[in-house]
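Analysis of the macromolecular model
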Amino acid sequence: MIPFKQIATLAVALLCAASAQAQAYKVMQIHRTDGTVQTIPTAEIDSVTFATVQPVELFNQCELGGNVWNIASLTEVTSTQGLTIQIYGNGEGEAVSIDLPLNAMGRTYDLATADDVALSVNGKAVTPTSGSLEISKDRTGRNLILVMTAKWQGGSLRADYNGTYSKSFNATGRFTAAIAGGATYSGRMATVLSMTEESGTRHIAFGPADTTTPSEMQNGDCVVWFNLSALKWGTGTVDLAQSAGSYTLRLIDYRTQRTIEAGAGTTGTITTYNDPMGNPNVCYVAIDVTLDDGTHIVADYYGSVTTVQNLDDLYVKPSAENGLTIIDASGNVTSEAALTALKVETSGQFTKFYLLKNKDDSTSDSFLTPMIKIQTALIGTGELDLANAEARTWEVKYQGFQLSSQDNDYMNKASGGTLSVEYDEATKQYSIRLSLLNLYESPWGTSGGDGSTLTINYDGPAL
């Protein structure tokens, strides 16, 4: 038998052990949107209430994470990559940047799904899970209107702005012109010429030649020349596919003496702005254009332009000497020859021109003597677009150049070239100009030719 005194002692010990054990208690856990959890013992909570809090009405302000600050400056930056809206307050941690496409004005974006909008806050990119952005300009273009809400993991932003803004440009001052089947020219836009017609149509021409006159632009490899109507100039980005009739554009290749014009199939954009400071001799220009034949031109420039009264001297000036030149696809001269005589044969509706290197050369050898055949009715009618000429209108044979108009559905179709033949009845003089690209498309959709260009210049009488 255990003595009573020992039993009492054991009971006291068990009671002390039980009282020393931790007691369970209830807590409330708050799960935040940033992924963190806050735990509060319920013993410390007197009551819990929920209330709807109306957001602060903003006026040219931002609210970032509950902190409202005034917008001190808003700048629109334009580049070939798109638009960037930069918003700054007066204090630390008050910076917002929004990247947008060039055609953003007047649009509304769902920030949770828009893949062409990027948002950064205080230099850190954020990915909105919800929100919207509306951005536009008033009819004067002087005021920018922006309304935005955005929420992301760990943060939120609201912005409301309606007021003036600053404008700046990021431009490389360089261009690239990749001619379909031909050379690629690229480099600094050393000269930018500007001309404005009485109607307000604005012309811009640029190229690698460092000069101040249109005629000396021909010292470079090429020139890009476009114009925009007064209604389109300075308004931002123009979609060429939607703006036929409001622009013209041409690439003049001085190496091959070939001019490539924009046509109905041209796609891309031209972006223009006047100088924000009002200087008429400063502008921003950016183009990204693909011409009908696949030629691709990209350029962007911000700075001073040289104003001229006329741009006609940009057109190709034929060589003063009678001769022919073959230039390969890379722009290298592979063959040159003087032309000393011309023999003409007319038969039916056509006239053939044999351009002789020597007076006694054979006219039946197309490797030795170039032959140009043209519908007689087209003589004296100006320049013929060989790629788009009607059937049974022209033919050229010389060495690897064996091309003609697509007289039926089973013939190859030439990809590019021009031909003009003039005749002065008083002086009995012919003037022949040919620029022919050795590329063609077969009736089955395959392409051929080596991309070289044949140019022929001849002024003089026939034998």
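Since this is a predicted model, take the numbers as computed values, not measurements.

This paragraph deals with the overall build of the protein. In terms of regular secondary structure, the protein is built from 1 helix and 40 strands. For the protein, whose C-alpha radius of gyration is 37 Å, the value lies well above the compact-globule estimate of 23 Å for 463 residues. Overall size of the protein, expressed as C-alpha extent along the three principal axes, is 150 × 65 × 35 Å. Across the protein, every contact between residues at least 6 apart in sequence was considered, and the portion connecting residues at least 24 apart equals 51%. Here the protein has roughly 24,900 Å² of accessible surface; of this, 48% comes from carbon and sulfur atoms. Positive and negative side-chain charges of the protein, numbering 29 and 49 respectively, have mean locations separated by a distance of 4 Å.

Consecutive residues of a regular strand have side chains that alternate between opposite faces of the sheet. In terms of burial, strand β19 (residues 222–228) is a largely internal element, 7 of the 7 residues being buried. Side chains of β19 alternate between two faces, with Cys222, Val224, Phe226 and Leu228 and Val223, Trp225 and Asn227 buried alike. The sheet contact formed by β19 and strand β21 (residues 247–253) spans 7 bridges and is antiparallel. Of the residues in β21, the one forming a bridge with Asn227 is Thr248.

Under the criterion given, the structure shown has 11 salt bridges. Residues Arg255 and Asp221 are paired through a salt bridge, measuring 3.1 Å at the closest nitrogen-oxygen approach. Within this pair, whereas Arg255 is found in the loop between β21 and β22 (258–261), its partner Asp221 is found in the loop between β18 (202–207) and β19, the two being separated by 34 residues in sequence. Note on Arg255: relative accessible area 34%, which makes it partly exposed. Relative accessible area serves as the criterion here: at 28%, Asp221 is assigned to the partly exposed category. Sharing partners across several salt bridges, the network here consists of Glu76, Lys137 and Lys167.

With that settled, the discussion passes to the environment of Glu261. Residue position: Glu261 is located in strand β22. Sequence-wise, Glu261 and Ile379 are 118 residues apart; in three dimensions their C-alpha atoms are separated by 22 Å. Excluding anything up to four places from it in sequence, Glu261 contacts Leu249, Arg250 and Asp292.

Quick notes on the rules
Residues numbered from 1 in each chain as written. Predicted model: local features only at pLDDT ≥ 70, side-chain atom pairs only at ≥ 80, totals over all residues. Heavy atoms only, no water. Helix = DSSP H or I, 4+ residues; strand = E, 2+ residues; numbered from the N terminus. Rg over C-alpha atoms; globule rule 2.2 N^0.38 Å. Contact = heavy atoms within 4.5 Å. Areas by Shrake-Rupley, 256 points an atom, 1.4 Å probe, with all protein chains shown as cover. Lys, Arg positive; Asp, Glu negative; His and termini not counted. Charge placed at Lys NZ, Arg CZ, Asp CG, Glu CD. Buried < 20%, exposed > 50% of the residue type's maximum accessible area, 1.4 Å probe, protein only. Pairing = 2+ DSSP bridges. Salt bridge = Lys/Arg side-chain N within 4 Å of Asp/Glu carboxyl O.

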